[in-house]
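Read off the chains here:
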Amino acid sequence: MDLKLHELNTTSYPVPADLQNTVAITSLAKLYNWGRRNSLWPMLFGLACCAIEMIATASSRFDMSRFGMEVMRATPRQADLMIVSGTVTKKMIVPIVRLYNQMPEPKYVMAMGACASGGGPFKEGYNVVSGIDKYLPVDVYVPGCPPTPQALLFGLISIQRKMDGQSLTDHDALPWYGVGPSDPTPVPILGPDIIDPRQMDMIRRKAEATAKKANATSLEASRELPVWRSAALAAAAGTGAGAAAGGAVDAGGLTRIPGGKAPWEEPEEIRHQRQQNALKRKAIRAAQRAQ
Ligand code: SF4
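Note that the structure is predicted; figures quoted are calculated from it, not measured.

Our focus in this paragraph is the overall build of the protein chain. Within the protein chain, the regular secondary structure consists of 10 helices and eight strands. Across the 291 residues that make up the protein chain, the buried fraction comes to 33%. A separation of at least 24 residues holds for 70% of the contacts in the protein chain among residues at least 6 apart in sequence. Of the roughly 17,200 Å² of accessible surface on the protein chain, 59% is carried by carbon and sulfur atoms.

Time to look at the pairing of strand E1 (residues 81–85). Burial runs high along E1: five of the five residues are buried. Residue alternation in E1 divides its side chains into two sets, Leu81, Ile83 and Ser85 and Met82 and Val84, and both sets are buried.

Our next topic: the site of the ligand. Every residue close to the ligand is listed here: Ala48, Cys49, Cys50, Gly86, Thr87, Ala114, Cys115, Pro121, Phe122, Gly144, Cys145 and Pro146. Among the residues forming the shell around the ligand, the class breakdown is nine nonpolar, three polar and no charged.

Let's shift gears to the confidence of the model for the protein chain. Residues with a pLDDT of 70 or more make up 76% of the protein chain, whose mean pLDDT is 80. A low-confidence stretch, residues 228–233 stays under pLDDT 50, and its non-local contacts, those more than four residues away or across chains, total 28 contacts. In the model, residues 238–255 has pLDDT below 50 throughout and makes 37 contacts with residues more than four positions away in sequence or in other chains.

Quick look at the environment of Ser117 now. Mapped onto the secondary structure, Ser117 falls in helix H5 (residues 113–118). Owing to a relative accessible area of 22%, Ser117 belongs among the partly exposed residues under this scheme. Between the C-alpha atoms of Ser117 and Thr87, which are 30 residues apart in sequence, the distance is 9.1 Å. Not counting chain neighbours up to four residues away, the residues in contact with Ser117 comprise Ala111, Gly131, Asp133, Tyr141 and Val142. Separated by 2.8 Å, the side chain of Ser117 and the backbone oxygen of Gly113 make a polar contact.

Under the counting rule described, the total for this entry stands at five salt bridges. We note a salt bridge from Arg37 to Asp164, for which the minimum N-O separation is 2.7 Å. Of this pair, Arg37 sits in helix H2 (residues 28–37) while Asp164 sits in helix H6 (residues 149–164), and the two are 127 residues apart along the sequence. In this structure, the salt-bridge partner of Asp139 is Lys162, at a minimum N-O distance of 2.9 Å.

So, on to the packing of aromatic side chains. Tallied over the full model, the rule gives zero aromatic pairs. Directly above the ring of Tyr100 sits Lys107, whose terminal nitrogen or CZ lies 4.2 Å from the centroid.

Moving on, we come to the nonpolar core. In this structure, Leu40, Leu81, Ile83, Tyr108, Met110, Leu156 and Ile159 are the most contacted members of the largest nonpolar core, which totals 23 residues. Looking at this core, the elements that each hand over two or more residues are helix H3 (50–57), E1, strand E2 (108–112), strand E3 (140–142) and H6. Ranked by residues supplied to this core, first place goes to H6 with five residues. Residues in contact with Leu40, not counting those within four places in the same chain, are Gly68, Met69, Asp80, Leu81, Tyr108, Ile159 and Met163. Core analysis: the second largest hydrophobic core is formed by 21 residues, Phe45, Met82, Val88 and Ala111 among them.

A separate point is the sheet that holds E3. Within a sheet, neighbouring strands are paired by backbone hydrogen bonds and run either parallel or antiparallel to one another. Strand order in this open sheet of three strands is E1-E2-E3, and the pairing throughout is parallel. For this open sheet the edge positions go to E1 and E3, each flanked by a neighbour on one side alone. Averaged over all adjacent pairs, the angle separating strand axes in this sheet is 20°, with direction ignored. Contacts from H6 reach E1, E2 and E3 within the one sheet, and its direction differs from that of E2 by about 155°.

The next thing to look at is a nonpolar patch on the surface. Nonpolar side chains collect at one region of the surface, where Tyr13, Leu19, Val23 and Ile25 lie side by side and expose about 340 Å² of accessible area between them. Structurally, the position occupied by Tyr13 is in the loop between helix H1 (5–8) and H2.

Our next topic: the environment of Ala51. Looking at the element boundaries, Ala51 is found in helix H3. Note on Ala51: relative accessible area 8%, which makes it buried. Each C-alpha atom of the pair Ala51 and Gly113 lies 9.6 Å from the other, and the pair is 62 residues apart in sequence.

Definitions and cut-offs
Residue positions are given per chain, counting from 1 as you read along its sequence in written order. For this predicted model, a pLDDT threshold of at least 70 governs which residues receive local features, and a threshold of 80 or more governs which side-chain atom pairs are given and counted, while totals over whole chains, interfaces and linings are taken from all residues. Excluding hydrogens and water, the side-chain figures rest on all heavy atoms present in the structure. Every helix listed is a DSSP run of H or I at least four residues long, and every strand listed is a run of E at least two residues long, numbered separately from the N terminus. Relative accessibility decides the category of a residue: with a 1.4 Å probe and only protein chains considered, values under 20% of the type maximum give buried, values over 50% give exposed, and everything between is partly exposed. Note on contacts: a residue pair qualifies if any of its non-hydrogen atoms lie within 4.5 Å across the two residues. Shrake-Rupley sampling with a 1.4 Å probe provides the accessible areas, and residues are treated as covered by the protein chains on show and by no other component. In this text, near means that some heavy atom of the residue lies within 4 Å of the molecule or strand in question. Ten residues, namely Ala, Val, Leu, Ile, Met, Phe, Trp, Tyr, Cys and Pro, are considered nonpolar, four, namely Asp, Glu, Lys and Arg, are considered charged, and the remaining ones, Gly among them, are considered polar. Confidence of the predictor at the level of single residues is given by pLDDT, which spans 0 to 100. Under this definition, polar contacts are N or O atom pairs within 3.5 Å; protein pairs additionally need one hydrogen-donor-capable and one acceptor-capable atom, and for neighbouring residues in sequence, both atoms have to be side-chain atoms. The salt bridge definition used is simple: a Lys or Arg side-chain nitrogen within 4 Å of an Asp or Glu carboxyl oxygen. Each aromatic pair joins two rings of Phe, Tyr and Trp (for Trp, the six-membered one) with centres within 6.5 Å, and gets the label stacked for planes under 30 degrees apart, edge-to-face for over 60, and tilted for any other angle. A ring is scored as having a charge over it whenever the NZ atom of a lysine or the CZ atom of an arginine sits within 6 Å of its centre and within 35 degrees of its normal. Here, nonpolar core refers to any group of buried Ala, Val, Leu, Ile, Met, Phe, Trp, Tyr and Cys residues whose side-chain atoms link them within 4.5 Å. Any two strands between which DSSP finds at least two bridges are classified as paired. Only the stretch in contact is used when fitting a helix axis, every axis being a line fitted to C-alpha atoms; angles between N-to-C directions are given from 0 to 180 degrees. For patch detection, residues must exceed 30% relative accessible area and be free of salt bridges, and they are connected within 9 Å for like charges or within 5 Å for nonpolar side chains (Val, Leu, Ile, Met, Phe, Trp, Tyr).

See the structure below:
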């Protein structure tokens, strides 16, 4: 990339016209950004069909070398641009975030295509993340399914424009120019579903509330446990609990005793009756199997 001095000049210190191709007065940020924007090294990885278009972009017909971006690196430690090209599954988001954390700062992320931007045709699928921006800070979105190489090139130029506007002194917008590295992005956990560790507090609160509700419901249900009796067994026993309670007999020949209590609240007589009935049911089932 040729160095065009007149592009580096700032307007606040005008250089005489006859010196403009010899002398440039510029800011450190502008010089620094000029170097970075023309040597972006994308990470070499692809996820789905969009990756084919990314590969085509690197071919001679489209020629990413014009932008100094042809050096695709097969290691995150030498890359400063992550092009997320394709469908992001819940299984893949874990290594993607890990790779992002391994990239040195300053680093940029591009969501290429409908899938990476928002789930695309697979949005809300059981195995698909609805956009890489749920986990990583995306700098540029490239629409399309898939985007053409021209669209990807326009996305790369947009990242260059974004870099041009970045300042070495704005530590709030660009933490990597501040003191020390920024915090790594928490790596999601793949369980029965994907879990974002940043939402762990909310997940724990909801799980506790659900468990509490389930406990209350089961305690309530145990207090209202229906005590079913076989009418035949009760009749055979003569003094069955069903008969004692005067419960109704249903079509299946079973009697429900209204106001049944939890097992530990039942009187000894009822418990004994329950055991007897269990033995008799067992005998009836054995007889049915033998038929
Ligand atoms: S956006 Fe379209 S082309 Fe790109 S990965 Fe998704 S389905 Fe494939």
